[in-house]
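So the chains spell out like this:
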Amino acid sequence: ADPQSVTPRQRMAEVLSYRLSEAVVLRRAATERIGMDEADRRLADEALDACENLLFADRRNSFSYQLRAEVRWNASVLKSEDQLRILAIQDLHTAAALYPSSVAVWYELAERLASAGFQHNDAAKAAAERVLQLDQVNHTWGHSDRYLTDEQRNTVRRITGLRKE
């Protein structure tokens with residue numbers, strides 16, 4: 001395999017991202033996970049390094065930024081570092097700029113902005129409105145693989161203020 005190729009770098013970042021997501025879910029499920037804090041931090045660092053390695057190989061792919069955003073967000077949970085959340089949101093802005101018609105990117109951006117706090121409410125609402133526009137376009141053109149789920153649509157409507165909690 002070509003050591004400079006994007007594919008193996010992407011696979012490594014995806015695997016570590018999955019493991020990191022799993023650690024976050026386990027952390028939320030258990031109020032205290034004895035002995036896992038340091039292991040979780042190491043996993044977060046490995047996943048972040050794998051994303052950097054992926055982006056070093058190709059900075060033009062929106063997926064790479066979206067993946068790093070997910071890793072940064074989850075790492076912020078495990079490491080209690082708010083700066084990582086801000087960087088995750090920046091990565092999602094970059095991913096949206098690289099792939100402006102991606103419902104998935106805009107949905108994640110809207111969701112992250114909404115959960116980042118009141119100072120991001122206007123940006124979250126704008127991103128959520130973009131999600132609804134793109135979802136309408138996908139329905140019009142029959143791109144059924146890109147439709148929002150009912151749960152996602154409800155989340156977006158809540159962010160835009162079209163639906164109360």
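Residues numbered from 1 in each chain as written. Predicted model: local features only at pLDDT ≥ 70, side-chain atom pairs only at ≥ 80, totals over all residues. Heavy atoms only, no water.

### Here we look at the overall build of the protein chain
Where we set the bar: Secondary structure elements are defined from DSSP: runs of H or I of at least 4 residues count as helices, runs of E of at least 2 residues count as strands, and each element is numbered from the N terminus. Based on C-alpha atoms, the radius of gyration is set beside the globule rule, defined as 2.2 Å times the residue count to the power 0.38. Exposure classes here rest on a 1.4 Å probe applied to the protein chains alone. A residue is buried below 20% of its type maximum, exposed above 50%, and partly exposed in between. Throughout, a residue-residue contact means that at least one pair of heavy atoms, one from each residue, lies within 4.5 Å. For the accessible areas, the method is Shrake-Rupley and the probe is 1.4 Å, while residue cover comes only from the protein chains on display.
Helix and strand content of the protein chain: 7 helices and 0 strands. Element order for the protein chain, N to C, with α for helix and β for strand: α-α-α-α-α-α-α. By the compact-globule yardstick of 15 Å for 165 residues, the protein chain fits well, its C-alpha radius of gyration being 17 Å. Counting only C-alpha atoms and orienting by the principal axes, one finds that the protein chain spans roughly 45 × 45 × 25 Å. Burial analysis of the protein chain (165 residues in total) assigns 40% to the buried set. Residue pairs in contact within the protein chain that sit at least 24 positions apart in sequence constitute 59% of those at least 6 positions apart. When the accessible surface of the protein chain is totalled, it reaches about 9700 Å², and 50% of it is carbon and sulfur.

### Digging into the pattern of salt bridges
The criterion, for reference: Salt bridge, as used here: a side-chain nitrogen of Lys or Arg that lies within 4 Å of a carboxyl oxygen of Asp or Glu.
Tallying each qualifying case throughout the model produces 12 salt bridges. Note that D37 and R27 form a salt bridge whose closest N and O atoms lie 2.8 Å from each other. Of this pair, D37 sits in helix α2 (residues 37-57) while R27 sits in helix α1 (residues 6-29); the two residues are 10 residues apart in sequence, bridging distant segments of the chain. By relative accessible area, D37 is classed as partly exposed at 37%. With a relative accessible area of 21%, R27 lands in the partly exposed category. R42 is the salt-bridge partner of E38, the closest N and O atoms lying 4.0 Å from each other. Placement of the pair is E38 and R42 together in helix α2, with a separation of 4 residues, close to one helical turn. The exposure class of E38 is partly exposed, given its relative accessible area of 47%. Because the salt bridges share partners, they merge into one network encompassing E52, R68, R72 and D91.

### Remarks on unusual backbone geometry
As a rule of thumb, non-glycine residues mostly have phi less than zero, and peptide bonds are mostly trans rather than cis. With a phi close to 55°, S80 is a non-glycine residue in the positive phi region. Tracing the backbone through its elements, the reader meets S80 in the loop between α3 (62-79) and α4 (82-98).

### Examining the environment of Q90
The residue Q90 is located in helix α4 in this model. Residue Q90 is classed as partly exposed on the basis of its relative accessible area, which comes to 45%. Considered as a pair, Q90 and A69 are 21 residues apart in the sequence and their alpha carbons are 7.9 Å apart.

### Examining the packing of aromatic side chains
Filter applied, for reference: What counts as a ring pair is set by centres within 6.5 Å for rings of Phe, Tyr and Trp (its six-membered ring), and what kind of pair is set by the plane angle: stacked under 30 degrees, edge-to-face over 60, tilted for all other angles. By definition here, charges over rings are those cases where NZ of Lys or CZ of Arg is within 6 Å of the ring centre and within 35 degrees of the ring normal.
For the structure on display, the rule yields 0 aromatic pairs. The cationic tip of R85 hangs over the ring face of W73; the distance from NZ or CZ to the ring centre is 4.7 Å.

### Let's talk about the packing of α3 against helix α5 (residues 103-115)
Under the convention used in this document: Here, axes are lines fitted to C-alpha atoms. For helices the fit covers the stretch in contact, and angles between N-to-C directions go from 0 to 180 degrees. These descriptions rest on fixed angle ranges, namely under 35 degrees for roughly parallel, over 145 for roughly antiparallel, 65 to 115 for roughly perpendicular, and the rest for oblique. By definition, any crossing whose near helix is turned counterclockwise from its far helix by less than a right angle is left-handed, and any crossing with a clockwise turn is right-handed. Ten residue types, Ala, Val, Leu, Ile, Met, Phe, Trp, Tyr, Cys and Pro, are classed as nonpolar, four, Asp, Glu, Lys and Arg, as charged, and the remainder, Gly among them, as polar.
At a minimum axis separation of 11 Å, α3 and α5 run at an interaxial angle of 25°. Accordingly, the angle class assigned to the pair α3 and α5 is roughly parallel. Crossing of α3 against α5: the hand is left-handed. Contacts between α3 and α5 pair Q66, E70 and W73 from the former with A104, V105, E108, R112 and S115 from the latter. Within the contact of α3 with α5, the residues separate by chemical class into 3 nonpolar, 2 polar and 3 charged.

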